[in-house]
Amino acid sequence: MHEYQFRKQNQITNPILFALELGYYAGLIWGAVLWLFYWLKFTKVLPGFLLEPFFKHDFLVTTAGQIAGWLSFIAFSVIASLLYVILFRKLKGPWPGIIYGIVWWVVLFVALNPWLRLTEPVKKLPWDTNISEFCIFILWGLFIGYTAAQEFTDEKLREPKKVIG
């Protein structure tokens, strides 16, 4: 086996670069799902709800505002992914990621919402909006958590291949 192949095979993942890439794709994919759910009227929460404190609501309703919202969700996902990888990357299985998504939903929709006014209060939102948003955040957290768990706890990837001869 060539030295390059051996090094590539036994390469240790840089947690920060991995978290940046993971967060980008989590935001790209699940931000698109948020946008699709809004477009299909499964949710009344704007795709740009994270930008609500910084931009006028009338702008966030426009296509440009929704694209800005998607980009803000990507940025949010990068930050959330960095936190997860730094703090929880050694946790195994899907449940830590699911819990992480639930915690972020509670933080954004319940804890911070009264001060930042990102959306209407949870009690005033329709049940289909709450369920849709909750489920998206569960899947988003699962995506981040389980991907990190696979990368940082699957030791088979780091073992050298044995040649049977």
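Each value, and the rule that gives it
- Residues numbered from 1 in each chain as written.
- Predicted model: local features only at pLDDT ≥ 70, side-chain atom pairs only at ≥ 80, totals over all residues.
- Heavy atoms only, no water.
- Patch = residues over 30% accessible without salt bridge, like charges linked within 9 Å, V, L, I, M, F, W, Y side chains within 5 Å.
- Areas by Shrake-Rupley, 256 points an atom, 1.4 Å probe, with all protein chains shown as cover.
- Salt bridge = Lys/Arg side-chain N within 4 Å of Asp/Glu carboxyl O.
- Helix = DSSP H or I, 4+ residues; strand = E, 2+ residues; numbered from the N terminus.
- Axes fitted to C-alpha atoms, helices over the stretch in contact; angles between N-to-C directions.
- Parallel < 35°, antiparallel > 145°, perpendicular 65-115°, else oblique.
- Left-handed = near helix turned anticlockwise from the far one by under 90°.
- Contact = heavy atoms within 4.5 Å.
- Core = buried A, V, L, I, M, F, W, Y, C linked by side-chain atoms within 4.5 Å.
- Buried < 20%, exposed > 50% of the residue type's maximum accessible area, 1.4 Å probe, protein only.
- Phe/Tyr/Trp six-rings, centres within 6.5 Å; stacked < 30°, edge-to-face > 60°.
- Lys NZ or Arg CZ within 6 Å of the ring centre and 35° of its normal.
- pLDDT = per-residue confidence, 0-100.

### Section: a nonpolar patch on the surface
Item 1. Residues I16, L17, L20, I79, L83, I86 and L87 make up a contiguous nonpolar surface patch of about 650 Å² in total accessible area.
Item 2. Secondary structure elements with two or more residues in the nonpolar patch: α2 (15–39) and α4 (63–88).
Item 3. The element that contributes the greatest number of residues to the nonpolar patch is α4, accounting for 4 residues.
Item 4. For I79, the location among the structural elements is in helix α4.

### So, the packing of α4 against helix α7 (residues 127–153)
For any two helices packed against each other, the geometry is given by the interaxial angle and the distance between the axes.
Item 1. The N-to-C vectors of α4 and α7 enclose an angle of 45°; their axes lie 11 Å apart at closest approach. It follows from the interaxial angle that α4 and α7 lie oblique. Where α4 crosses over α7, the two elements pack in a sense that is right-handed. Taking contact as the criterion, the partners of F73, F76, S77, A80, S81, Y84 and V85 in α4 are, on α7, F137, W140, I144, G145, A148 and F152.

### Quick word on the nonpolar core
Item 1. One finds F49, F73, F76, W104, L108, F137 and W140 to be the most contacted residues of the largest nonpolar core, which totals 29 residues.
Item 2. Elements with a minimum of two residues in this core: α2, α4, α5 (95–111) and α7.
Item 3. Of all the elements, α4 adds the most residues to this core, at 7 residues.
Item 4. Once residues lying within four places of it in the same chain are set aside, the contact partners of F73 are A26, G27, W30, G31, L34, L50, F137 and W140.

### Points about the packing of aromatic side chains
Item 1. Summed over the entire model, instances satisfying the criterion amount to 20 aromatic pairs.
Item 2. With a centroid separation of 5.0 Å and an interplanar angle of 75°, the aromatic rings of Y24 and Y25 are classed as edge-to-face.
Item 3. By relative accessible area, Y25 is classed as partly exposed at 39%.
Item 4. Ring geometry for F73 and F137: centres 6.1 Å apart, planes at 85°, overall edge-to-face. Here F73 is found in helix α4, whereas its partner F137 is found in helix α7, with 64 residues between them in sequence.
Item 5. A relative accessible area of 1% places F137 in the buried class.
Item 6. Grouping aromatic residues by their ring pairs yields a cluster made of F49, F73, F76, Y84, F88, Y100, W104, W105, F109, F134, F137 and W140.
Item 7. Sitting above the plane of the F152 ring, R89 keeps its charged end 5.5 Å from the centroid.

### Topic: unusual backbone geometry
Item 1. The phi torsion at K41 lies on the positive side, around 65°, for a residue other than glycine.
Item 2. Here K41 is to be found in the loop between α2 and α3 (57–61).
Item 3. Despite not being glycine, R117 has its phi angle at roughly 50°, a positive value.
Item 4. R117 gets classed as exposed once you look at its relative accessible area, which sits at 63%.

### Here's the deal with the confidence of the model for the protein
Item 1. Put simply, the protein has an average pLDDT of 91, and 87% of its residues get 70 or more.
Item 2. The least confident element of the protein, judged by mean pLDDT, is helix α1 (residues 3–9) at 47; the most confident is α5 at 98.

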